[in-house]
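Letter by letter, the chains look like this.
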Amino acid sequence: MWVSPEDVLLAGALWITERANPYFILQKRKGHGDGGGGLAGLLVGTLDVVLDSSARVAPYRILYQTPDSLSYWIIAHGTSRKEITEHWEWLEHNLLQTLSIFENENDITTFVKGKVQGIIAEYSKNQDIKDDDDTDKFKEVSAKFRKLFGMPEEEKLVNYYSCSYWKGKVPRQGWLYLSINHLCFYSHLLGKEVKLVVRWADITQLEKSATLLLPDVIKVSTRSNEHVFSVFLNINETFKLAEQLANIAMRQLLDNKGFEQDRSLPKLKKKSPKKVSALKRDLDARAKSERYRALFRLPKDEKLDGHTDCTLWTPFNKMHILGQMFVSTNYICFTSKEETLCSLIIPLREVTIVEKADSSNVLPSPLSISTKNRMTFLFANLKDRDFLVQRISDFLQQTTSKICLEKELNGSFNTTFYISLLLSAQAKEFLKEQGWKNHFAEYGEGVCMYRTEKTKELVLKGIPESMRGELWLLFSGAINEMTTHPGYYEDLVEKSMGKYNLATEEIERDLHRSLPEHPAFQNEMGIAALRRVLTAYAFRNPNIGYCQAMNIVTSVLLLYAKEEEAFWLLVVLCERMLPDYYNTRVVGALVDQGVFEELAREYVPQLYDCMQDLGVISTISLSWFLTLFLSVMPFESAVVVVDCFFYDGIKVIFQLALSVLHANIHQLLGCKDDGEAMTVLGRYLDSVTNKDSTLPPIPHLHSLLTDNGEPHPEVDIFKLVCNSYEKFGSIRADVIEQMRFKQRLRVIQTIEDTTKRNVVGALSFITAFSIDELEELFVLFKTEHLTSCYWGGSSNPTERHDPSLPYLEQYRIDVEQFKGLFNLLFPWANGAHSDPLAARVFRLLDENADGLLNFREFINGLGVLYHGDLTEKLKLLYQMHVLPGEFALVGLWFHRKLYMVSTETVFKCSRLGIFIIMSKLNTPDYRHYLKLWNQETKPKRENTKDLPKLNQSQFIELCKTLYSMFSEDAAEQELYHATATVTSLLLEMGEVGKLFTSCTRKERSIADIKLEESPKDTGTSSAMLISDDETRDDTSMSSYSVLSAGSHELEEKLQCEDIADDTVLIRSGAGGDRVSGAHSSRLPDRGLPHSTSIDKDWAITFEQFLASVLTEQALVLYFERPVEVGASITNAKNKRKIRRPLLSASDYEISLSG
């Protein structure tokens, strides 16, 4: 690229001059490319890689110098020879002659500098460069990254870091490149080059660790290899970015929405590091927004705009609390530096006034925010108050005022069925209510209340029955979703009413299993409400639809909240608080099961090994987590767990599970099998009671393994919860998220491996491929699918990947992807005609005509070519051309002649032209194949008869395919001659069949038409086919002659020219008909004459095609030639590594050259 002219002190240092003229010098940096300059070049190249000067200094440059001066100016540099050569040639053609006109060297220098700066200005204007675009240095690094690893333009580099890669026991200093889809490493030391490419989707473990020798290490594991990187300048930043990119890749494997680009990410235009790419800034913004939403339980589309340090005046303790203010599109939030001291959420829809108060020494830069419920919040110590106020004002203008009517929260099912309450319980309930009312009076009520340690204490003591629904909405954040989507639930119910699918069938089946012991769901009113909520959610989120356990959780929500409120609580539960728990593969629950195992190993190590041996952890965790203990604990006790869960999130479930294990540690250590351990835990959980409950006892009908021993002593639920906070309250939410990431890699990769095993297992019974071959083919198929999802294709990636489908149909490829696999794996792929042939095979294999192939369809077609017999292969070839042709036949010529054949010949030809074939079968081999063919057609006579006939245009396509299949084959000439013979034979059959059809039609319509009599002489009455040995000459001519009555000569030629670009098929009447398959130069493209229009009466059958091919041993040998699929798979992998390394299978090889 052109650069603003800069002085260069030493033109020859570390550079090699490749071209020169009186004014310009083209140089290459030592140590780059071939002929790097010996030892000095090796040292320069090594220093460039280690010190990153290769990013700042391009390997090629152009210097300007006047003839009588020793001063040099760099005016252009380039990352490739092609780029720099273009600049050099432009200088020679446009400036060199012009400069010779000038007499003064200063004028020449001024002119050159001005010209270069003008080019740069024009380029900048045309490219419309923006302030937040990537810097020139980063663009150079991106170009180098794509060049080193063969990446396309679509593969975006996020960032790069200096580090060491441990190859064995030897560290290789180089650069780690992190792109959207790949982790890459490059090192070039003293002529030794190391390249590594790993796809994020193939990573099974990514962890940061430390050892005595290597204090900071990032370990990247795949299914087959483990890679270790160390010596980072900023290992935390590197690991966080790698973790984020791997998480995105796992999301893509789990959910097809992962491939959709989020174009609404904010870009940080102020104070952005110049070295960081725009994409890196976007990813940082996404990560910050995710943490912000998780911290304050905000809707999933909320984007963080910025945050700043400040203080908040808290009237309940008369203090200024230090913390951070967060501002987003719809919310202002605050959290104290000291965890749990105070947090605050102010929806902008509730804000009435934002004003700047007068500053003072005591209260600098104060900001006052007032809300509709007459609360005023005073922030101070704001660094950029004016800018902050402007941003809040802008968001307030965008916020539309939505009126949310106050809900009467006492209309839940519980009040319908329980009128009389126990006096003691009633008194406790009254005291709880008073405690919460006093709390609201002091800390505020509603969304904008101050959330403090006092709030948490009240939750742990139990939420009153009458306030439970209201506070669940508040603490979960569901109130925000419901308020900002008025009428959404009603519309969803109306749209889903009366519609049926798999989800609604499962819902109907489980409706009466949802808390059947509770009176609320022993009548149609409760069942109908549960049906509406579950069905509405299934239509809202078809990716989840419905999953068992959702019915139990939703029924509890309906007991304390109205239908719409229960719906939004379910939304928050499934999509934010328990992510991926309720999809078809319960991935989220499996991930948290792994997290629970890690926590158990850390907090109850003496029990961990025993539980692992018994296999209990995996059994108990799913039932506990999926239903939030509702299915394993008495109802009145389990709702207390739900109270704490909505307030503190998933950590409550982990804490409680660990407490249950810890309380039963001695009994569990004495268990001999999993059944005994489950009995111990079941009896314990069944004994958990809630003495403060105002509800009459509900029979506990949940699954429980019991014995005839004495019942377990009662366990108070509040003591159990408090004990869990005391012993395991140190578990932090951010630590849980870190563990979830680690387990998500393992779980999703395990699911992918299971999918592969299931697919291979299902197909191993219906195909001749071995298990290992099917696994290799599946990896190639999946890789092709993922690659097109990364870099685009002719169809939407969300259409091609659907994890909810059966295993065999989850990954699908379109026609463009199939063409790539066809060229790599299919034996018939050859020459320039591979793409049209691949398109025909694709259409034939696409059973449901949806424009996509799944792996089963792909294997069906591939299996025929590798393991099918001669008949199956020819049938596939034939069927491909029955489909309507969609490809233009450029340069294809087909001239036909209707010639006279005797009536006797017509009738003899009517049954597949067998008389012509039998005269050709002179050897035992052909008779043997004909017998085999006859034996196969007898039981399958209907199948072959049912195949449609090929018309003339389809036959032309078949001819073209045949001639294009044999290029570069060892027996190419023989195959061309054999194809010419078969083609001519089929032409003859088609003409004879046409005459027979025409005669039959005429006999039916006009009874007085007489057919021309043929000579009686047997020697001339039937057509004779002269053998190849008698007619084939040394110039590789394959010919035949048809001798008929009176030795009639054909009056015109039948030609099929330029079928395979360099082949001419000619049938000439001079001295007998002759067909030639010799090579010739390409004929010029000409339009098809009107006289050669397609004849609709002309046709051949599959049986004729098969019988004709059997007459030529070369074709028989070609189609029966065994092909080793293992060699094709290996060749496919090698070709991918050479052309584009990132397309190799599960893990990429490390190439060491030099």
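Small disclaimer: the values here were computed from a predicted structure and weren't measured. (Residues numbered from 1 in each chain as written. Predicted model: local features only at pLDDT ≥ 70, side-chain atom pairs only at ≥ 80, totals over all residues. Heavy atoms only, no water.)

**Here's the deal with the overall build of the protein**
Okay, so step 1: Regarding its fold elements, the protein presents 45 helices and 31 strands.
Okay, so step 2: Counting across all 1154 residues of the protein, residues that qualify as buried make up 53%.
Okay, so step 3: Contacts spanning at least 24 positions in sequence make up 68% of the contacts within the protein whose residues lie at least 6 apart.
Okay, so step 4: Accessible surface, the protein: about 53,400 Å² in total, of which carbon and sulfur atoms supply 53%. (Helix = DSSP H or I, 4+ residues; strand = E, 2+ residues; numbered from the N terminus. Buried < 20%, exposed > 50% of the residue type's maximum accessible area, 1.4 Å probe, protein only. Contact = heavy atoms within 4.5 Å. Areas by Shrake-Rupley, 256 points an atom, 1.4 Å probe, with all protein chains shown as cover.)

**Quick notes on the pattern of salt bridges**
Okay, so step 1: Applying the stated criterion to the full structure yields 30 salt bridges.
Okay, so step 2: We note a salt bridge from Lys300 to Glu575, for which the minimum N-O separation is 3.3 Å. Placement of the pair is Lys300 in the loop between helix H8 (278-296) and strand S13 (304-314) and Glu575 in helix H19 (residues 563-577), with a sequence separation of 275 residues.
Okay, so step 3: What makes Lys300 exposed here is its relative accessible area of 55%. (Salt bridge = Lys/Arg side-chain N within 4 Å of Asp/Glu carboxyl O.)

**As for the nonpolar core**
Okay, so step 1: By size, the foremost hydrophobic cluster in this structure holds 129 residues, and its most contacted members are Met550, Tyr582, Trp624 and Phe629.
Okay, so step 2: Non-local contacts of Met550, meaning those with residues more than four positions away in its chain, are made with Leu534, Tyr537, Ile544, Gly545, Leu570, Cys574 and Tyr582.
Okay, so step 3: Judged by nonpolar contacts, the second largest core, of 111 residues, contains Leu206, Leu245, Leu824 and Leu962. (Core = buried A, V, L, I, M, F, W, Y, C linked by side-chain atoms within 4.5 Å.)

**Overview of the UniProt feature "domain: EF-hand" (unreviewed entry) in the protein**
Okay, so step 1: UniProt feature "domain: EF-hand" (unreviewed entry): in the numbering of this structure it lies at residues 833-868.
Okay, so step 2: Across residues 833-868 one finds 69% helix and 6% strand; the C-alpha atoms that close the span lie 23 Å apart. (UniProt positions renumbered as here; feature names shortened; annotations may be inferred.)

**Digging into the packing of helix H16 (residues 502-510) against helix H17 (residues 524-540)**
Okay, so step 1: Relative to each other, H16 and H17 sit at 155°, their axes nearing to 10 Å. In terms of orientation, H16 and H17 fall into the roughly antiparallel class. Note on packing geometry: the crossing formed by H16 with H17 is right-handed. Judged by residue contacts, Ala503, Thr504, Ile507 and Glu508 of H16 engage Arg531, Leu534, Thr535, Ala538 and Phe539 from H17.
Okay, so step 2: For the contact of H16 with H17, the per-class residue count stands at five nonpolar, two polar and two charged. (Axes fitted to C-alpha atoms, helices over the stretch in contact; angles between N-to-C directions. Parallel < 35°, antiparallel > 145°, perpendicular 65-115°, else oblique. Left-handed = near helix turned anticlockwise from the far one by under 90°. Nonpolar A, V, L, I, M, F, W, Y, C, P; charged D, E, K, R; others polar.)

**A word on the packing of helix H31 (residues 815-825) against helix H32 (residues 834-845)**
Packed helices, taken two at a time, are described by the angle between their axes plus the distance between the axes.
Okay, so step 1: Relative orientation of the contacting elements H31 and H32 amounts to 115°, with a least axis distance of 9 Å. Crossing geometry of H31 relative to H32 is assigned as right-handed. Between H31 and H32, the contacting residues are Val815, Phe818, Lys819, Phe822 and Asn823 on the first element and Ser834, Asp835, Leu837, Ala838, Ala839, Val841, Phe842 and Leu845 on the second.
Okay, so step 2: The residue inventory of the contact of H31 with H32, partitioned by class, reads nine nonpolar, two polar and two charged.

**So, the sheet that holds strand S4 (residues 60-64)**
Okay, so step 1: Reading across the sheet, the five strands line up as S1-S5-S4-S3-S2 and stay open at both edges, with antiparallel pairing between neighbours. At either end of the open sheet lies a strand with only one pairing partner, and these are strand S1 (2-8) and strand S2 (15-20). Going across the sheet, the axis of each strand differs from the next one's by a mean of 30°, ignoring polarity.
Okay, so step 2: Strand direction decides the pairing type here: S2 and strand S3 (residues 24-29), joined by five bridges, are antiparallel. Opposite Ala20, over in S3, you have Ile25 as the bridge partner. (Pairing = 2+ DSSP bridges.)

**What about the sheet that holds strand S16 (residues 343-347)?**
Okay, so step 1: Across the sheet, seven strands lie side by side as S16-S15-S14-S13-S19-S18-S17; this open sheet has antiparallel pairing. The outermost strands of the open sheet, each flanked by one partner alone, are S16 and strand S17 (351-356). Within the sheet, the average angular offset between the axes of one strand and its neighbour, ignoring direction, is 30°.
Okay, so step 2: Relative to strand S19 (residues 376-380), strand S18 (residues 367-371) is paired through four bridges, and the arrangement is antiparallel.

**A closer look at helix H23 (residues 635-648)**
Okay, so step 1: Compared with the 20 Å implied by 1.5 Å per residue over 14 residues, the 20 Å span of H23 between its first and last C-alpha is a close match.
Okay, so step 2: Burial runs high along H23: 13 of the 14 residues are buried.
Okay, so step 3: Two residues or fewer past H23, Gly649 is found with a positive phi of approximately 85°. (Expected span 1.5 Å × (residues − 1).)

**Quick notes on the packing of aromatic side chains**
Okay, so step 1: Applying the stated criterion to the full structure yields 53 aromatic pairs.
Okay, so step 2: For the ring pair Phe781 and Phe858, a centre distance of 5.3 Å and an interplane angle of 50° mean the geometry is tilted. With Phe781 in helix H29 (residues 771-791) and Phe858 in helix H33 (residues 855-867), this pair connects stretches of sequence that are 77 residues apart. For the pair Phe781 and Phe858, a shared accessibility class is recorded, and that class is buried.
Okay, so step 3: Connected via pairs of aromatic rings, a cluster forms that spans Phe778, Phe781, Tyr811, Phe818, Phe822, Phe826, Phe842, Phe855 and Phe858. (Phe/Tyr/Trp six-rings, centres within 6.5 Å; stacked < 30°, edge-to-face > 60°.)

**Re the pairing of strand S5 (residues 72-78)**
Okay, so step 1: Across the seven residues of S5, seven count as buried, placing the element largely inside the fold.
Okay, so step 2: Both S1 and S5 contribute to a ladder of four bridges, which runs antiparallel. The partner of Trp2 across the bridge, within S5, is Ala76.

**Examining the environment of Leu569**
Okay, so step 1: Examined against the element boundaries, Leu569 turns out to sit in helix H19.
Okay, so step 2: Considered as a pair, Leu569 and Phe646 are 77 residues apart in the sequence and their alpha carbons are 9.5 Å apart.
Okay, so step 3: In this view, Leu569 contacts Trp472, Leu473, Ser476, Ala478, Leu557, Ala561 and Phe646; residues no more than four positions away in its chain are not counted.

**Thoughts on the side chain of Asp846**
Okay, so step 1: Assignment of secondary structure puts Asp846 in the loop between H32 and strand S23 (853-854).
Okay, so step 2: Residues in contact with Asp846, not counting those within four places in the same chain, are Gly851, Leu852, Leu853 and Glu857.

**Examining the environment of Asp358**
Okay, so step 1: Following the sequence through the fold, Asp358 ends up in the loop between S17 and S18.
Okay, so step 2: Of the residues examined, Asp358 reaches a relative accessible area of 71% and is grouped as exposed.
Okay, so step 3: Ignoring any residue separated from it by four or fewer positions in sequence, one finds Asp358 in contact with Leu363 and Pro366.

**Comments concerning the confidence of the model for the protein**
Okay, so step 1: The pLDDT averaged across the protein works out to 76; a share of 73% of its residues lies at or above 70.
Okay, so step 2: Low pLDDT (under 50) marks residues 401-411, which in the prediction has 12 contacts with non-local residues, meaning those over four places away or in another chain.
Okay, so step 3: Within the model, pLDDT remains below 50 along residues 701-707, and this stretch shows 17 contacts once partners closer than five positions in the same chain are excluded. (pLDDT = per-residue confidence, 0-100.)

**As for a positive patch on the surface**
Okay, so step 1: On the surface, a cluster of positive charge is made up of Lys208, Lys240, Lys288 and Arg291.
Okay, so step 2: Arg291 sits in the exposed class, given a relative accessible area of 54%. (Patch = residues over 30% accessible without salt bridge, like charges linked within 9 Å, V, L, I, M, F, W, Y side chains within 5 Å. Lys, Arg positive; Asp, Glu negative; His and termini not counted. Charge placed at Lys NZ, Arg CZ, Asp CG, Glu CD.)

**Quick look at helix H3 (residues 81-94)**
Okay, so step 1: Given a rise of 1.5 Å per residue, 14 residues ought to cover 20 Å, and the 20 Å separating the end C-alpha atoms of H3 matches this to within 8%.
Okay, so step 2: Every buried residue belonging to H3 is among Ile84, Thr85, His87, Trp88 and Leu91, and all of these are buried. Down the axis, H3 shows its buried residues gathered within 160° of arc, on one side only. Exposed residues on H3 whose side chains face more than 90 degrees from its buried face are Lys82 and His93.
Okay, so step 3: For H3, the elements touching its buried residues are S1, S2, S3, S4, S5 and helix H4 (96-99). (Arc of directions from axis to C-beta.)

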